[in-house]
Each structure stands twice: as C-alpha cells, then as structure tokens.
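An overview of the molecular structure
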Amino acid sequence: MWYPFSFAQSHLVSSPSLLRHYSHTDPPPLSPAMAVVSPSFSAQISGGTTFSGLRRSDAVVSFVHHSNSSLRLVSSPCRQPPRGVVAMAGTGKFFVGGNWKCNGTKDSITKLVSDLNNAKLETNVDVVVAPPFVYIDQVKSSLTDRIEISAQNSWVGKGGAFTGEISVEQLKDMGCKWVILGHSERRHVIGENDEFIGKKAAYALSEGLGVIACIGEKLEEREAGKTFDVCFQQLKAFADAVPSWDDIVVAYEPVWAIGTGKVASPQQAQEVHVAVRDWLKKNVSEEVASKTRIIYGGSVNGGNCSELAKEEDIDGFLVGGASLKGPEFAAIVNSAVEKKVAA
Ligand code: PGA
C-alpha cells in the first residue's frame, strides 16, 4: 500500500476525517520508515490519472507530537487501500486573496483590473482582492463581480471622530465584503496589539464583513522555537474576541517570508497549518477546525504556488507582490487544481 505525492514529500499527510481525531499524546503506531512513496504509484498519479473532485479519500493519518515547541509528524497507513487522493484536509473552499498593500495608481490599477477581468479563473475558488482604500471605489465599479473586494484594515468600532480612520460601515457602503486584520505590517510597523486586533475582528464580523485574520511569527521567534507559541497566542486573541468563526479565514503568514522572496517550504507551512487546525479543534470546536480555511501568505508566486497547494492543510493563499500582476495572480488562484482527487 503506497501513498502519493504530498505524503512522499513531507510525511505530513493527514486524512480529512481522521485528522480531527489524532492525538498529541498517542504514540505513533507505525514506523516513520513506512512513510515512503512507491515510485510506481507516483508514476500512476503523474501518468494520466483522472481527477474527479476536491476531496481526498481517507488514506492515512498523521500524529503530531509537540516537543520543545517543535512539531514532529509521523504518518500511519489505514487498513483500506486509497481509492483516491486529494490534498485537502479542511472542508472549506479554496480561498485566494490579493493584498495590494500601499501600491498602485489610478492607471496601474486600471490595467490590473483589466487583466483580472480577462483572466480565466477556476470556478471553485473564492477570490478576493484588497486595494488601497482610495481605489476601492474605482476597483468596485470596474472589476468583475467574480472577485470580491476586501479592505486592508478597518476601525475598531463605529465611525465618528477618529481622524484618518475608515469605518466598517463605510467599507460596506463601498461594496467591501472582507477586511484583512492582524497583518504583520499592522502589528509590527504600525504597532497594533493582539487585543486591539481581536476587537477589530469582532466589530467587523458584527457588522457583516468577513475577516482575513493574519497570524505569524518573526524570524527570531522561529529561531527561538516559539513559532507555535506566537501563532497560538495570536489565534487566541481572535478566539477570545469573536462570537463565531463562520466568516473568518485564517492567514498564516510568517513575517520572515513576507515580501522577502523567502517563501516557507511546503513542509514548513503545512506543519504550522496542521497545528493551527489542531488548536482550533481543541480550543474552539471540531466543526470550526474543519471548515475554517487556513491560507498561507509570504512570497507566494506563480512558481511556488502549486507545490504549496498540494499540502493538505493549505486551503489557499494571501498574496502580496505577485497579486499586482493579473496573470500571475490568476495562476495562483488556479493552483486550486492541485486539490483535485486522483480517482
Ligand atoms: P508577499 O506579501 O506575497 O509580498 O510576501 C504577502 C502578504 O503580506 O500578505
């Protein structure tokens, strides 16, 4: 019995149903040495296997072990041979957001919108772009309705005497459906803290905006073995503040990977995404852990998106620099095809 690509690449595979039942304390029942792919099965997969859906059948289960703030994952085959494989552990739809940050002019945005309008996008993907505030109206009135609009920030409560801020009500009035909150540039450049970000999320949700909730560790935190501590603390701040996770997408964005060209490896991203899903299961609910999209951000581009998308707990991307180029952003959206089942 052998398992295809992502299992072979990382040993980090998990099953959609079994993932939600693994334990941090159970010993792995089988040797990691079993986590080896058959070249012949790989060849079958790459050799014209048809795809029939977006959900992988149960084939393997992962066991996650925390030790000194680092994760070790080993995998164990199930008894049934795999009928098909899809790289998707959560049950949410693939989600790709383009964060344009503080970039663009009326002219460059006209061109970007035109490129996006002309792009062929996979149907089964939620696609969102976040223009700078001042161009939201231009984008909303010229961009295809296929793509939703997000803000890059919002005020923590109802609008009023808050010079320079933009309220959730105003964003809704302009046609926004989403807001990015907790982005590392707001945390570490502007100085927003966990509690403030949590309050912003709660207010935005209460007014009907979806929230792209960003978390992620700095390089020194990763090097100090604190990746999970940092991510869990940031998650907790959201969890403590929000009444529901229905309209939240979690974006794991390691700060060292943002805008640096140093993308996390698929294995590094998958490791944290598994841990985030597990945290949600333990601290919110099994249902929320399953349906919440956990997307990856940090130097995602047209060249690396496919390998990342193959990882089971990567439910999409938040894209900065590469989202400023329409065709490349479309290619990233379309990496959702990596989630299809090998029947
Ligand atoms: P990047 O930015 O893709 O340019 O690294 C990602 C982000 O900040 O959301």
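Just so you know, these numbers come straight off a predicted model, no measurement behind them. Each chain has its residues counted from 1, following the order in which its sequence is written. Per-residue local features of the predicted model are confined to residues with pLDDT of at least 70, and side-chain atom pairs are confined, for both listing and counting, to 80 or more; whole-chain, interface and lining totals are unaffected and use all residues. Side-chain descriptors were evaluated using all non-hydrogen atoms of the structure, hydrogens and water having been removed beforehand.

1. Here we look at the environment of Ala 309
Inclusion rule: Helix and strand assignments come from DSSP, with helices taken as H or I runs of at least 4 residues and strands as E runs of at least 2, each series counted from the N terminus.
Along the chain, Ala 309 turns up in helix H12 (residues 305-309). When the C-alpha positions of Ala 309 and Gln 270 are compared, they lie 9.7 Å apart, and in sequence the two are 39 residues distant.

2. Re the confidence of the model for the chain
Using the following cut-off: pLDDT expresses how confident the predictor is about each individual residue, on a scale running from 0 to 100. Pairs of residues are marked as contacts when any of their non-hydrogen atoms sit within 4.5 Å.
Of all residues in the chain, 74% attain a pLDDT of 70 or more, and the chain-wide mean is 81. Long-range and interchain partners of residues 1-84, a stretch whose pLDDT sits below 50, account for 187 contacts in this model, where long-range means more than four residues apart.

3. Points about the pairing of strand E6 (residues 178-181)
Let me state the cut-off plainly: Each residue's exposure class comes from its accessible area (1.4 Å probe, protein chains only) as a fraction of the maximum for that residue type: buried when under 20%, exposed when over 50%, partly exposed otherwise. Pairing between two strands requires that DSSP report at least two bridges joining them. When the strands point away from the viewer, a crossover counts as right-handed if the path from the first strand over the helix to the second runs clockwise.
The alternating pattern of E6 places Trp 178 and Ile 180 and Val 179 and Leu 181 on opposite faces, both of which are buried. Summarising the sheet, strand E5 (residues 148-151) and E6 pair through 2 bridges and their orientation is parallel. Bridge pairing in E6 links Ser 150 to Trp 178. In the classification by handedness, the crossover that spans E5, the intervening helix H5 (residues 168-173) and the parallel E6 is right-handed. Bridging between E6 and strand E7 (residues 210-215) involves 4 bridges; their strand directions are parallel. Paired with Trp 178 across the strands is Gly 210, a residue of E7.

4. Some points on the site of the ligand
Stated precisely, the cut-off is as follows: The near set for a molecule or strand comprises every residue that places at least one heavy atom within 4 Å of it. Counting of polar contacts relies on pairs of N or O atoms within 3.5 Å, with two restrictions inside protein: one atom must be capable of donating a hydrogen and the other of accepting it, and residues adjacent in sequence are counted only when both atoms are side-chain atoms. Only the protein chains shown count as cover for residues, and the accessible areas themselves come from Shrake-Rupley with a 1.4 Å probe. Three classes are used: nonpolar for Ala, Val, Leu, Ile, Met, Phe, Trp, Tyr, Cys and Pro, charged for Asp, Glu, Lys and Arg, and polar for all others, with Gly counted as polar.
Residues in close proximity to the ligand total 13 residues, the closest being Lys 101, His 183, Glu 253, Gly 259 and Ser 299. Within the side chain of His 183, one N or O atom sits 2.6 Å away from an oxygen atom of the ligand. At a separation of 2.6 Å, an oxygen atom of the ligand approaches a polar side-chain atom of Glu 253. Surface burial for the ligand is 95%, taken as the share of its 280 Å² of free accessible area covered by protein chains. Across the shell around the ligand, the residue classes break down as 4 nonpolar, 7 polar and 2 charged.

5. So, the packing of aromatic side chains
Definition in use: Pairing of aromatic rings covers Phe, Tyr and Trp, the last counted by its six-membered ring, and requires centre-to-centre distances within 6.5 Å; plane angles under 30 degrees mean stacked, over 60 mean edge-to-face, and any other angle means tilted.
A full pass over the atoms with the stated rule returns 6 aromatic pairs. Centroid distance Trp 155 to Phe 162: 4.5 Å. Interplanar angle 35°. Geometry classified as tilted. Classification of Trp 155 as buried rests on a relative accessible area of 15%. Here a set of aromatic residues connected by ring pairs shows up, and it is made of Trp 155, Phe 162 and Phe 196.

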